[in-house]
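Residue-level listing of the chains:
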Amino acid sequence: MNLTRRDFGKLALAGLSSSALAQTAGKPNRSYINGVQFGLQPFCYHDLAMNRENRPILIQRLVQNGLGMVELHAVWYEPNFALPGVSADEARDKLRNWRLNPPAGYFRDIKKEFDDNGITICTVYINVGDSFTDAEIDATFEGAKAIGAKGIVGSYGLAVAHRLGAFPGKHGMYASLHNHDNLSDPDAFSNEASIVKGLAYSPDFTATLDVRHFTAGNGDCVGFLERHHQRVSAVHLGDRRKNNGRSAPFGEGDAPIIEILRLIRDNRWPITALLEFEHGTLRTGVDEVQLMFDYCKRALA
Amino acid sequence: MSHRHALYLVFCGVILAAGSAAAQTPARPGYDINYIGPTMADPVLQHSKETYVLFGCSYCHGLYLVARGEATDLMHSHLVGGDENGNVIGPLLRKGIPQTAKLSPMPQFSDLSDAQIAALVRWIHYGRQQGRYKEVMEAKDVGPGNAAAGKTYFEQKCVSCHATLPKNNDAAALKAQILKPQALEAAPSWNLDRLNDAKTAAARQRHGALLENYTAGDVANLVAYLQSMK
């Protein structure tokens with residue numbers, strides 16, 4: 001199927017039942033491959049500490065891998081106050097104060113760094129939790145919005161999601177629910193029922209289906225997408241084995257990566273495929289990401 | 001020299017030469033030297049390290065056991081500290097830890113061979129020993145040590161093998177000898193005389209386990225006690 005960039009934008013903005021999902025798709029860019037917008041979860045560069053100082057290297061690597069979209073952890077742009085001699089509580093307070101009073105133009109400059117390199121920040125990954133004040137949650141959305149993200153995503157559970165539901169709409173954004181495979185924790189997003197329950201908390205929620213974890217939790221990724229694609233903004237695309245199995249290189253686990261990509265392509269779903277791996281490799285992160293990306297390109301050829 | 005003995009010597013020579021060559025080999029294609037580090041002189045340890053990386057352990061637990069995120073700190077885990085030749089770690093790896101309060105349960109590695117599990121265990125203990133050695137050596141504000149406490153520790157952990165000890169008043173030398181006894185530091189060998197030296201193997205195992213569990217205070221107390229011996 002050949003889908004033009006214009007088509008992609010139209011599809012992203014039209015005919016979707018969820019107001020939240022209508023905001024998820026960005027402008028297609030250089031990692032829009034045969035109908036699927038790819039991006040990266042930059043946890044992949046295992047050797048690269050996620051902090052502000054390493055952001056230029058991150059950008060350089062994304063360009064090297066031919067990726068034009070990224071799910072950016074907040075730690076790539078927020079200062080780290082957890083320094084020697086600073087207590088955890090003190091560091092947390094300083095971070096909150098920083099979020100509430102960021103330097104003028106700070107986010108605009110960061111957005112420009114990525115824009116100048118042809119990279120769109122689709123979402124900001126941040127684990128909103130009980131320590132966040134309401135004002136801090138609002139500030140988090142505003143910061144994410146200012147760097148160009150359409151939403152935030154994080155590893156929080158049902159309780160935090162219940163509280164979070166009222167916030168994204170105020171900022172014209174969405175919040176995405178990300179699953180792990182902890183089937184023993186009733187608060188965790190781990191299976192279809194828990195994700196569906198969370199999505200019901202707010203029309204401004206989407207799901208970021210972590211394919212690896214969903215597979216490890218013996219979930220049916222294809223079935224989930226068939227049933228809930230209208231509420232899915234992204235997939236974390238990687239491979240793992242069933243039954244809480246280990247992460248594996250693409251094609252060596254049980255995750256239906258090829259099927260998922262073709263579902264997205266053939267149904268023209270505006271679901272971003274964010275490459276992510278936690279499997280081991282002796283190769284560099286850049287080399288491994290390239291192998292994964294090439295695997296996906298072959299799946300869509 | 002028997003024909004078989006000669007063959008063993010040739011074999012050992014090849015292994016040692018390979019290890020030596022590997023230590024000098026520059027980065028090879030597909031090997032992230034910046035992350036994994038230069039090839040180690042001991043090919044068994046190098047293989048163990050690569051196995052640890054390949055199965056994703058380093059992703060969460062850190063190549064040198066400095067954990068990322070919510071992963072268990074293997075450097076200070078009591079479970080790892082109590083492991084002997086994989087008797088605790090091995091079964092845990094095979095089953096994983098599905099019931100947990102953490103976001104991501106520890107995966108199970110039931111598909112790995114015994115040799116692969118053994119390699120992972122070997123690297124975990126090696127990494128822990130290196131890390132704990134560094135921690136104890138660099139510890140500050142430990143104080144002079146309590147000889148009575150050192151005596152108690154010695155009687156509980158050491159006396160079964162060390163009925164007597166050579167006198168040594170040099171605290172730094174004693175500390176180094178406690179942490180890494182020189183007699184056990186010999187390079188690995190497949191020579192049958194050493195391969196089947198059960199006494200040295202047991203001593204190495206025992207001292208490795210002690211090193212993995214010493215606190216800086218334990219070592220200071222032991223030094224104080226050994227210095228006090230007449």
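Here the structure is a predicted model, which is why all the values come from computation and not from measurement.

Here is what the cut-offs are and how they apply
- Residues numbered from 1 in each chain as written.
- Chains lettered and ligands numbered in written order.
- Predicted model: local features only at pLDDT ≥ 70, side-chain atom pairs only at ≥ 80, totals over all residues.
- Helix = DSSP H or I, 4+ residues; strand = E, 2+ residues; numbered from the N terminus.
- Rg over C-alpha atoms; globule rule 2.2 N^0.38 Å.
- Buried ≥ 20, exposed ≤ 12 C-beta atoms within 10 Å, placed from the backbone.
- Contact = placed C-beta atoms within 7 Å.
- Nonpolar A, V, L, I, M, F, W, Y, C, P; charged D, E, K, R; others polar.
- Core = buried A, V, L, I, M, F, W, Y, C linked by C-beta atoms within 7 Å.
- Domains from an automatic or database assignment.
- Axes fitted to C-alpha atoms, helices over the stretch in contact; angles between N-to-C directions.
- Parallel < 35°, antiparallel > 145°, perpendicular 65-115°, else oblique.
- pLDDT = per-residue confidence, 0-100.
- Left-handed = near helix turned anticlockwise from the far one by under 90°.
- Expected span 1.5 Å × (residues − 1).
- Pairing = 2+ DSSP bridges.
- Right-handed = clockwise from strand over helix to strand, strands pointing away.

## A look at the overall build of chain A
Okay, step 1: Looking only at helices and strands, chain A has 11 helices and 11 strands in total.
Okay, step 2: Relative to a compact globule of 301 residues, whose C-alpha radius of gyration would be 19 Å, chain A shows 18 Å and is just as compact.
Okay, step 3: For chain A, the C-alpha atoms occupy an extent of roughly 50 × 40 × 40 Å along the three principal directions.
Okay, step 4: Taken across its 301 residues, chain A has 50% of its residues classed as buried.

## Topic: the overall build of chain B
Okay, step 1: Within chain B, the regular secondary structure consists of 12 helices and 0 strands.
Okay, step 2: The order of helices and strands in chain B, counted from the N terminus, is α-α-α-α-α-α-α-α-α-α-α-α.
Okay, step 3: Out of the 230 residues in chain B, the part that is buried amounts to 23%.
Okay, step 4: Within chain B, residue pairs in contact and separated by at least 24 positions form 68% of the contacts whose partners lie at least 6 positions apart.

## Examining the interface of chain A and chain B
Okay, step 1: Residue-level contacts link 22 residues of chain A with 25 residues of chain B.
Okay, step 2: Taken together, the residues of the side of chain A that touches chain B sort by class into 3 nonpolar, 13 polar and 6 charged.

## Let's talk about the nonpolar core
Okay, step 1: By size, the foremost hydrophobic cluster in this structure holds 73 residues, and its most contacted members are A:Val124, A:Val235, A:Ala273 and A:Leu275.
Okay, step 2: Setting aside residues up to four positions removed in sequence, A:Val124 forms contacts with A:Leu72, A:Ala74, A:Ala144, A:Ala149 and A:Ile152.
Okay, step 3: Judged by nonpolar contacts, the second largest core, of 19 residues, contains B:Tyr31, B:Phe109, B:Ile124 and B:Tyr126.

## A closer look at the domain arrangement of chain B
All names here are of chain B.
Okay, step 1: Segmenting chain B into domains produces domain 1 (3-136) and domain 2 (143-228).
Okay, step 2: At the interface, 13 residues of domain 1 touch 15 residues of domain 2.
Okay, step 3: For the side of domain 1 that touches domain 2, the element with the most residues is helix H7 (residues 114-138), which contributes 6 residues.
Okay, step 4: Taken together, the residues that form the side of domain 1 that touches domain 2 break down as 6 nonpolar, 3 polar and 4 charged.

## Side note on the packing of helix H8 (residues 147-157) of chain B against helix H12 (residues 216-228) of chain B
Relative orientation and spacing of two packed helices are given, respectively, by the angle between their axes and the distance between those axes.
All names here are of chain B.
Okay, step 1: Two elements in contact, H8 and H12, have axes separated by 7 Å at closest approach and are oriented at 95°. Taken together, H8 and H12 sit at an angle that is classed as roughly perpendicular. Side by side, H8 and H12 meet where Ala147, Ala149, Gly150, Lys151, Tyr153 and Phe154 of the first sit next to Asp218, Asn221, Leu222, Ala224, Tyr225 and Ser228 of the second.

## Let's talk about the confidence of the model for chain B
Residue and element names in this part refer to chain B.
Okay, step 1: Overall, the predicted model of chain B reaches an average pLDDT of 88, with 87% of residues at or above 70.
Okay, step 2: By mean pLDDT, the top-scoring element of chain B is helix H6 (residues 89-95) (98), and the lowest-scoring one is helix H1 (residues 3-24) (50).
Okay, step 3: On the interface metric, ipTM, the complex scores 0.85, and its pTM is 0.86.

## Description of the pairing of strand E3 (residues 69-73) of chain A
Two faces belong to every sheet, and in a regular strand the side chains alternate between them.
Okay, step 1: Among the 5 residues that make up E3(A), 5 are buried, leaving the element largely enclosed by the rest of the structure.
Okay, step 2: Side chains A:Met69, A:Glu71 and A:His73 project from E3(A) onto one buried face, and the interleaved A:Val70 and A:Leu72 project onto a second face that is buried too.

## Regarding the packing of helix H3 (residues 88-100) of chain A against helix H5 (residues 134-146) of chain A
Residue and element names in this part refer to chain A.
Okay, step 1: Close contact between H3 and H5 brings their axes to 9 Å; oriented N to C, the two are set at 55°. When the axis of H3 is compared with that of H5, the two are oblique. Of the two elements, H3 crosses H5, and the hand of that crossing is left-handed. Two secondary-structure elements touch here, H3 through Arg96, Arg99 and Leu100 and H5 through Ala135, Glu136, Ala139, Thr140 and Gly143.

## As for H12(B)
All names here are of chain B.
Okay, step 1: Spanning 13 residues, H12 covers 18 Å between terminal C-alpha atoms, matching the ideal 18 Å at 1.5 Å per step.
Okay, step 2: Listed in full, the buried residues belonging to H12 are Val219, Ala220, Asn221, Leu222, Val223, Ala224, Tyr225 and Leu226.
Okay, step 3: Summarising the contacts, the buried residues of H12 are in contact with H7, H8 and helix H9 (171-179).

## Quick word on unusual backbone geometry
Okay, step 1: At A:Asn218, a residue that is not glycine, the phi angle is positive and equals roughly 60°.
Okay, step 2: Judged by the 14 C-beta atoms lying within 10 Å of it, A:Asn218 falls in the partly exposed class.
Okay, step 3: A positive phi angle, near 55°, is found at B:Asp141, a position not held by glycine.
Okay, step 4: Along the chain, B:Asp141 falls in the loop between H7 and H8.
Okay, step 5: Using a count of 5 C-beta atoms within 10 Å as the deciding quantity, one classes B:Asp141 as exposed.

## Points about the environment of B:Ser77
Okay, step 1: The topology assignment puts B:Ser77 in the loop between helix H4 (57-61) and helix H5 (78-81).
Okay, step 2: As a C-alpha pair, B:Ser77 and B:Gln156 span 79 residues in sequence and 21 Å in three-dimensional space.

## Description of the environment of A:Ser194
Residue and element names in this part refer to chain A.
Okay, step 1: On the secondary structure map, Ser194 appears in helix H7 (residues 192-199).
Okay, step 2: It is 8.9 Å that separates the C-alpha atoms of Ser194 and Asn179, two residues lying 15 residues apart in sequence.
Okay, step 3: Contact partners of Ser194, with chain neighbours within four places excluded, come to Leu158, Ala188 and Phe189.

## Some words on the pairing of strand E7 (residues 205-210) of chain A
Residues and elements named next belong to chain A.
Okay, step 1: When you tally the buried positions in E7, you get 6 out of 6 residues, the bulk of the element.
Okay, step 2: Side chains Phe205, Ala207 and Leu209 project from E7 onto one buried face, and the interleaved Thr206, Thr208 and Asp210 project onto a second face that is buried too.
Okay, step 3: In this sheet, E7 lies alongside strand E6 (residues 174-178) in parallel orientation, the contact comprising 4 bridges. Note that in E7 the partner of Ala175 across the bridge is Phe205.
Okay, step 4: Viewed along the sheet, the connection from E6 through H7 into E7 turns out right-handed.
Okay, step 5: As defined by bridge partners, E7 adjoins strand E8 (residues 232-237) across 4 bridges and the pair is classed as parallel. The residue of E8 that forms the bridge with Leu209 is Val235.

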